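Coordinates in review
Next come the chains, spelled out residue by residue.
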Amino acid sequence: MTNIPETGRTPRVQIRLVVIQILVLSLLGTLGGRLWYLQIRNGQEYAKEASGNHVQQVVQPAVRGSILDARGVPIADNETRLVVSASRTDLMKMKDDGKAVLTKLAGVLDMKPEDVIQKVRLCDAKTPQPCWNGSPYQPIPITDEATAKQALQIRERSEDFPGISAEPEAVRRYAAPGKANTAQVLGYLSPVTDAEITQAKDSSSPYLRSDQVGRSGLERQYDKELRGKAGVTRYEVDNLGRVIGKAKSDAAQSGSNLVTSIDSRVQRVAEYELDTAMKTARQQFDKITGENYKADSGAVVVMEAKTGRIVSMASAPTYDPNAWVGGISAKDYKALTGKNSDYPLLNRAIQGQSAPGSTFKVVSTAAAVEAGYEWDGGYPCTSSYSVGGQVFKNFEGENFGPISLGRALEVSCDTVFYGLADNEWKKDGGINPKKGEPKDYFFKAAHQFGLGKETGVDLPNEVTGRVPDRQWKQSYWKANKDVWCKTGKKDGDYVQKIAYENCLEGNKMREGDEINYSIGQGDTLVTPIQEAMIYGALANGGTIHTPTIGKAIVSADGKTVQEIKPKVKGKLPISKDTLKGMNSALEGVVTRGTAAWKFGGWPQDKITLHAKTGTAEVYGKQTTSWFATYTKDYTVVMTIAQAGTGSGASGEAVRNIYNALYGVQADGSIDKSKALLPTPQKGLPKIQTDGSIDTPEISKDPVKDLQASESPSPGATDQQLPAGTTPSPTASSRNTRRRTDRPKKRRGTRILT
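These notes cover the structure that comes with them. What you are looking at is a predicted structure, and each value in this text was computed from that prediction instead of being measured. (Residues numbered from 1 in each chain as written. Predicted model: local features only at pLDDT ≥ 70, side-chain atom pairs only at ≥ 80, totals over all residues. Heavy atoms only, no water.)

**Some points on the overall build of the protein chain**
Of the regular secondary structure elements, the protein chain holds 24 helices and 25 strands. Within the protein chain, contacts between residues at least 6 apart in sequence are counted, and of these 71% link residues at least 24 apart. Surface summary for the protein chain: the accessible area is close to 35,700 Å², and the carbon and sulfur share equals 51%. (Helix = DSSP H or I, 4+ residues; strand = E, 2+ residues; numbered from the N terminus. Contact = heavy atoms within 4.5 Å. Areas by Shrake-Rupley, 256 points an atom, 1.4 Å probe, with all protein chains shown as cover.)

Right, dumping it as structure tokens:
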């Protein structure tokens, strides 16, 4: 007898077979379900994707639109160059990652092998410039300055240069018409990154891997309009890559042209005068620090007073934006960003901020009137002002006796403003204000003038400046209290004493804080564009405009013109009578005040000029020069860091800008035929039916033309003042303006009681 069944299978074998059958059936069921899902449930979707695998795209880059000045002169356009590029994808397939090919290419292009190799490496946190920050799948430009001989050599020996191409391409050109650089206003381009492509994927203006995008200035602000839309041709190919038909084709759409309010001729003059003023300042000796002025940076803004349109905007130091075209070299990148570069990429007209000095007194004057002080009241302009045992001296100990607010503005009497601000501080309850909101007239006026926030100019990365009111002091104290308390010493040096007092009561409005603030010192910060906005409002009757550079966007075919209208931000918080008084006082600055020594012979009866000088003290540095001016047509503001006084460093340069605008000759006469822009440009340049824009001729250098047409200047002295102008007994010494009790390299005395 045996226990084996008739089937010959033991129970254990039968169980195993059943398990195997279940597994097989399960696998078949899963496979069937998956096939149903792929073929029926999502069949159309996968069919569409599968067909896409047989479509190859060929991208035709769009021609980027030009940037034109107000008369139609191109300041940024395109030109055809022979561009040598490398396909990183092809190079990475080689055993040595293409180093041999790139070394051989360097020999043809007369470049160093390491420079060529660096250009094709990808940018990351550990890789310094130069490197490629665009898509790794896009051809990487090695140079856009190849000669026809070099390009022909590469193409004829293509087997020696796999992955290398040499093709004519349209590349960006920053033309600098009439030597007008305009670098910080224009900005520059660089390749789009994968992150940007992903971010803009679902937007109304997606990027392609071939795109160049604006990184700063107008190139960035108006990138969408200038870039256009690349053309894409889709070809059907078989599995061997052979073209079997054309699937779809989208034609490239050229970018629109941007017409700006910049006048290239005035821009050239402004850049030249700023540079000359800085060089001249470096030849002047600073008695306070015992060395020549450094004059290491500056800016100038020329703005239409009635519209806020920018006619010129210059920043120094500057650079050539063409350095970025075709990829920047390691040498150029270091020169633009290194510690010793003075950071020329910064647009100091909108990103440079410093204490405004006495140019801020127009705000303090408006605040005093709002607080109830009579315009014609008698306010003591004493030689000094004492608070808590500390003495603040007026400039050179001047004592004008009781004077009006207008006269205080004209002669820039510090002690008048000290007294007014101190009175208001006490009325508000001093260091421990009364219950309820303190009036804070002096701080509220600054906000009403538009300070402490962006002006809204159509350029990226504008800074806000600073109004150091109670809210700011509280937030700043919270952020820095720990550091102050750690480093402060009651009996330490100047910095340690300040840190000690800030630790204890840095969140409170101290008497010295408000007094310093009233004359544009202390923690107050403004930008040149903010000053231009304020003084432009004084010029036009009190309307605050948003500064603008873009004037119109014109489609490539010229059929669509989108004008960019001037925008009104608000009104100055002053009455017509106060404005009239300020205008009179600021005119007096030119005829008999702190700027008179620089404007001798100016035709004041024909072109009424108003001005305010400012000399801002900065701890650890030399004084900053400010000069804010306006006529009925224009506002011109210039500032130079570490250059001395407002009129001393900037007065002559600003005058020369006005000379160029109005055609004022050295003897004070006006030659309208030599005036660059006697009235602001109103219309747009003429646009032809084919979309082209008429371009007027511009000389090789408007500055040289103006200099050639001028006769030798008789000089600006008190003996040559314009009719109706009287000499100022102290005007001649304004170029050495200093607080007499200021130690070397130290900000003016801060009253901390």
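Picking up where we left off.
**Thoughts on the state of the cysteines**
Inspection of the entire model under this criterion finds 3 disulfides. Disulfide partner of Cys 123: Cys 131, at an S-S distance of 1.9 Å. Taking the sign of the S-S torsion, about 105° here, the bridge from Cys 123 to Cys 131 comes out right-handed. Among the residues examined, Cys 123 registers a relative accessible area of 27% and is labelled partly exposed. Taking relative accessible area as the criterion, Cys 131 reaches 11% and is therefore assigned buried. Here Cys 381 pairs with Cys 413 through a disulfide, and the sulfurs are 2.1 Å apart. Here the S-S torsion is close to 110°, and the disulfide linking Cys 381 with Cys 413 is therefore right-handed. (Disulfide = S-S within 2.5 Å. Buried < 20%, exposed > 50% of the residue type's maximum accessible area, 1.4 Å probe, protein only.)

**Quick look at the pattern of salt bridges**
Two side chains bearing opposite charge may form a pair once their charged atoms approach each other closely. Applying the stated rule across the entire model yields 26 salt bridges. The closest approach of N and O atoms between Asp 160 and Arg 157, which form a salt bridge, is 3.2 Å. What makes Asp 160 partly exposed here is its relative accessible area of 25%. Across the pair Lys 427 and Glu 424 runs a salt bridge whose closest N-O atoms are separated by 3.5 Å. One end of the pair is Lys 427 and the other is Glu 424, both in helix α16 (residues 414-427) and 3 residues apart, which spans about a single turn. What emerges from the salt-bridge pattern is a single network uniting Arg 64, Arg 172, Glu 219, Asp 223 and Arg 227. (Salt bridge = Lys/Arg side-chain N within 4 Å of Asp/Glu carboxyl O.)

**A look at the packing of helix α14 (residues 361-370) against α16**
The axes of two packed helices give the description: the angle between them and the distance between them. Where α14 contacts α16, the two axes come as close as 11 Å, and the packing angle between them is 45°. Relative to α16, the element α14 lies oblique. The hand of the α14/α16 crossing is left-handed. Contact residues: α14 offers Lys 361, Ser 364, Thr 365 and Ala 368, while α16 offers Asp 414, Phe 417 and Leu 420. (Axes fitted to C-alpha atoms, helices over the stretch in contact; angles between N-to-C directions. Parallel < 35°, antiparallel > 145°, perpendicular 65-115°, else oblique. Left-handed = near helix turned anticlockwise from the far one by under 90°.)

**A look at the environment of Lys 294**
By the secondary structure assignment, Lys 294 is in the loop between β12 (291-292) and β13 (297-304). When the C-alpha positions of Lys 294 and Gln 283 are compared, they lie 9.0 Å apart, and in sequence the two are 11 residues distant. Not counting chain neighbours up to four residues away, the residues in contact with Lys 294 comprise Arg 282, Gln 622 and Gln 642. In this structure the side chain of Lys 294 is engaged in a polar contact, spanning 2.8 Å, whose partner is the side chain of Glu 291. (Polar contact = N/O pair within 3.5 Å; in protein donor to acceptor, adjacent residues only side chain to side chain.)

**A short note on a nonpolar patch on the surface**
Residues Val 13, Leu 17, Ile 20, Val 24, Leu 25 and Leu 28 make up a contiguous nonpolar surface patch of roughly 520 Å² in combined accessible area. Looking at the secondary structure, you find Val 13 in helix α1 (residues 11-41). (Patch = residues over 30% accessible without salt bridge, like charges linked within 9 Å, V, L, I, M, F, W, Y side chains within 5 Å.)

**Structural notes on the sheet that holds strand β24 (residues 624-630)**
The 5 strands are arranged β14-β13-β25-β24-β23 in an open sheet whose pairing can be described as antiparallel. Across the chains shown, the open sheet's two edge strands, defined by having one partner strand only, are β14 (310-316) and β23 (610-616). Sheet twist, expressed as the average angle between the axes of neighbouring strands with direction ignored, equals 5°. Strand direction decides the pairing type here: β24 and strand β25 (residues 634-641), joined by 6 bridges, are antiparallel. Bridge assignment links Ser 625 to a residue of β25, and that residue is Ile 640. (Pairing = 2+ DSSP bridges.)

**Some words on helix α11 (residues 264-281)**
Taking 1.5 Å of rise per residue, 18 residues should cover 26 Å, and α11 covers 26 Å from first to last C-alpha, within 8% of that figure. Capping of α11 at its N-terminal end is provided by Asp 263; its side-chain oxygen lies 2.9 Å from the backbone amide nitrogen of Arg 265. (Expected span 1.5 Å × (residues − 1).)

**Observations regarding helix α19 (residues 494-505)**
Between the first and last C-alpha of α19 there are 17 Å, a value that for 12 residues agrees with the 16 Å anticipated at 1.5 Å per step. By the burial criterion, the buried members of α19 are Tyr 494, Ile 498, Ala 499, Asn 502 and Cys 503.

**Some thoughts on the pairing of β24**
Within β24, 7 of the 7 residues are buried, which leaves it mostly tucked inside the rest of the structure. Here β24 shows a buried face lined by Thr 624, Trp 626, Ala 628 and Tyr 630 and a second buried face lined by Ser 625, Phe 627 and Thr 629. For β23 and β24, the ladder comprises 7 bridges, and the chain directions are antiparallel. Bridge assignment links Thr 615 to a residue of β24, and that residue is Ser 625. Where β24 hands over to β25, the hairpin turn is made up of 3 residues, counted between the paired strands.

**Overview of unusual backbone geometry**
In this chain, Ala 316 is followed by Pro 317 through a cis amide linkage whose omega measures 0°. Within the fold, Pro 317 resides in the loop between β14 and α12 (330-337). For Asp 110, which is not glycine, the phi torsion reads 60° and is therefore positive. By the element assignment, Asp 110 lies in the loop between α4 (99-109) and α5 (113-120). Positive phi, normally seen in glycine, also occurs at Ala 176, with a value near 50°. Turning to its location among the elements, Ala 176 is positioned in the loop between β5 (164-173) and α7 (183-186). Judged by relative accessible area, Ala 176 falls into the partly exposed class, the value being 31%.

**Focus: the packing of helix α17 (residues 441-448) against helix α20 (residues 511-518)**
Across the interface, α17 lies against α20 with an axial gap of 10 Å and an inter-helix angle of 40°. Of the possible angle classes, the one that applies to α17 and α20 is oblique. In this structure, α17 meets α20 at a crossing whose hand is left-handed. Each of Phe 442, Phe 443 and Ala 446 in α17 lies in contact with α20, whose residues at this interface are Glu 514, Tyr 517 and Ser 518. For the contact of α17 with α20, the class distribution of residues is 4 nonpolar, 1 polar and 1 charged. (Nonpolar A, V, L, I, M, F, W, Y, C, P; charged D, E, K, R; others polar.)

**Some details on the environment of Asn 480**
Locating Asn 480 in the fold gives a position in helix α18 (residues 470-487). Classification of Asn 480 as partly exposed rests on a relative accessible area of 22%. A C-alpha to C-alpha distance of 8.9 Å links Asn 480 and Asn 502, two positions 22 residues apart in sequence.

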